[in-house]
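Spelled out from the first residue to the last, the chains are:
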Amino acid sequence: MMNYLMDGGWMMLPLLICSIVMVAVIIDRCRAFRAAAKLDPKALREKVVQAVTDGDIAAAVEACRNSEGPVAAVLLTGLEKFTRLYQKGKSEPEIEAGVTKAMEDYAPKAMSGLEKRLGTMVLVSSISPLIGMCGTVTGMINSFAVMAEAAGLDAGAVAGGISEALITTAAGLIIAIPGVVAYNMFQKKVEEWNVQLETSIADFAQAVAP
């Protein structure tokens, strides 16, 4: 491994940094989505909706506060907004509209914990191949420089430059490909959570204003 790092030239340093960042972000996001998966959003949503339907707002609030994740946070926001509007004597259409807006406005903030650092994955996946290509160019430049100094084609003389060119290109792709795959997997999970939030908002709005 160290031989490859040395043969790849100085462009391997930023690629090494990119690889470390990518691995750290993937591990971090795996832990975040694994923690979120421990909660059943459907069960929580049904429990809160049933409590609201029964008029037991305190039980609904307690269920949300005892749970973690974006669904619990959005439902709690809706419950707090509902309580304020109900105490002010607002009509059912006003309550439904106010609660829906409050939950929709808070949803992006609730999802920020899961979406965090996904942009870093896109950035690293994008620049790693470019850095590798830059290493390819510098490696070929070195090869031609050696050829010029040798005044002819000497395979042994140009091998170092060609090796640098190939190693940096391969390193850039090795970093980018897993990063792209992981990003799409995480993005799919984000979309699934967005669907859960939309369903929770719709069900809760119907429960508070039947």
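It should be noted that the structure appears before, not after, this text.
Residues numbered from 1 in each chain as written. Predicted model: local features only at pLDDT ≥ 70, side-chain atom pairs only at ≥ 80, totals over all residues. Heavy atoms only, no water.

### Some points on the overall build of the chain
In terms of regular secondary structure, the chain is built from eight helices and zero strands. Ordering the α and β elements of the chain from the N terminus gives α-α-α-α-α-α-α-α. Looking at the chain as a whole, 38% of its 210 residues are labelled buried. (Helix = DSSP H or I, 4+ residues; strand = E, 2+ residues; numbered from the N terminus. Buried < 20%, exposed > 50% of the residue type's maximum accessible area, 1.4 Å probe, protein only.)

### Things to note about a nonpolar patch on the surface
A cluster of nonpolar residues, Leu 13, Leu 16, Ile 17 and Ile 20, forms a patch on the protein surface that exposes about 380 Å² of accessible area. Considering the arrangement of structural elements, one finds Leu 13 in helix 2 (residues 12–37). Taking the relative accessible area as the measure of exposure, Leu 13 reaches 53% and is therefore exposed. (Patch = residues over 30% accessible without salt bridge, like charges linked within 9 Å, V, L, I, M, F, W, Y side chains within 5 Å. Areas by Shrake-Rupley, 256 points an atom, 1.4 Å probe, with all protein chains shown as cover. Salt bridge = Lys/Arg side-chain N within 4 Å of Asp/Glu carboxyl O.)

### So, the packing of helix 3 (residues 41–53) against helix 4 (residues 57–65)
One way to put it is that helix 3 packs onto helix 4 with a least axis distance of 7 Å and a crossing angle of 160°. Here helix 3 lies roughly antiparallel to helix 4, going by the angle between them. Crossing handedness for the pair helix 3 and helix 4: left-handed. Two secondary-structure elements touch here, helix 3 through Leu 44, Lys 47, Val 48, Ala 51 and Val 52 and helix 4 through Ile 57, Ala 59, Ala 60, Ala 63 and Cys 64. Grouping the amino acids of the contact of helix 3 with helix 4 by side-chain chemistry returns nine nonpolar, no polar and one charged. (Axes fitted to C-alpha atoms, helices over the stretch in contact; angles between N-to-C directions. Parallel < 35°, antiparallel > 145°, perpendicular 65-115°, else oblique. Left-handed = near helix turned anticlockwise from the far one by under 90°. Contact = heavy atoms within 4.5 Å. Nonpolar A, V, L, I, M, F, W, Y, C, P; charged D, E, K, R; others polar.)

### Examining the packing of helix 2 against helix 6 (residues 92–115)
The description of two packed helices rests on the angle between their axes and on the distance between the axes. In contact at an axis separation of 9 Å, helix 2 and helix 6 are set at 130° when each is read in the N-to-C sense. It follows that helix 2 is oblique to helix 6 by the angle criterion. Taking contact as the criterion, the partners of Arg 29, Ala 32, Phe 33 and Ala 36 in helix 2 are, on helix 6, Gly 113, Leu 114 and Glu 115. Of the residues in the contact of helix 2 with helix 6, the class split is four nonpolar, one polar and two charged.

These results come straight from atomic positions and should not be treated as a statement about function.
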